[in-house]
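What the coordinates show
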Amino acid sequence: MKHTIGDIVRFKLESGEVQEGNIQFIEKDRYEETFYINSFNNWAYKVPGRKIIS
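Parameters at a glance
- Residues numbered from 1 in each chain as written.
- Predicted model: local features only at pLDDT ≥ 70, side-chain atom pairs only at ≥ 80, totals over all residues.
- Heavy atoms only, no water.
- Helix = DSSP H or I, 4+ residues; strand = E, 2+ residues; numbered from the N terminus.
- Buried < 20%, exposed > 50% of the residue type's maximum accessible area, 1.4 Å probe, protein only.
- Contact = heavy atoms within 4.5 Å.
- Pairing = 2+ DSSP bridges.
- Axes fitted to C-alpha atoms, helices over the stretch in contact; angles between N-to-C directions.

In this section: the environment of L13. In this fold, L13 is placed in the loop between strand 1 (8–12) and strand 2 (18–28). Given the relative accessible area of 15%, L13 is considered buried. The spatial distance from the C-alpha of L13 to the C-alpha of K51 is 7.4 Å, given a sequence separation of 38 residues. Residues within four places of L13 in sequence aside, it is in contact with Q19 and Y45.

Quick look at the structure:
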């Protein structure tokens, strides 16, 4: 699934908790995309593409 800056996504943390936020920046690597997301609970996260749920 293609995501762009400003999209609202749900993602899973290492603890298993699911958060929701909007994408601020996308870093594209040769093998994977990394998303920088501002969560709605006022935290910022660096999330690998495989952790994005929707």
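So that's the structure; there's more coming.
Let's shift gears to the sheet that holds strand 3 (residues 33–39). Spatially, 1-2-3-4 is the arrangement adopted by the 4 strands of the open sheet, whose pairing is antiparallel. Strand pairing shows two members of the sheet lacking a second neighbour, strand 1 and strand 4 (44–48), which therefore form its edges. In this sheet, neighbouring strand axes are inclined to one another by 50 degrees on average, regardless of whether the strands run parallel or antiparallel. Bridging between strand 1 and strand 2 involves 5 bridges; their strand directions are antiparallel. Across the sheet, the residue bridging to R10 is E20, located in strand 2.

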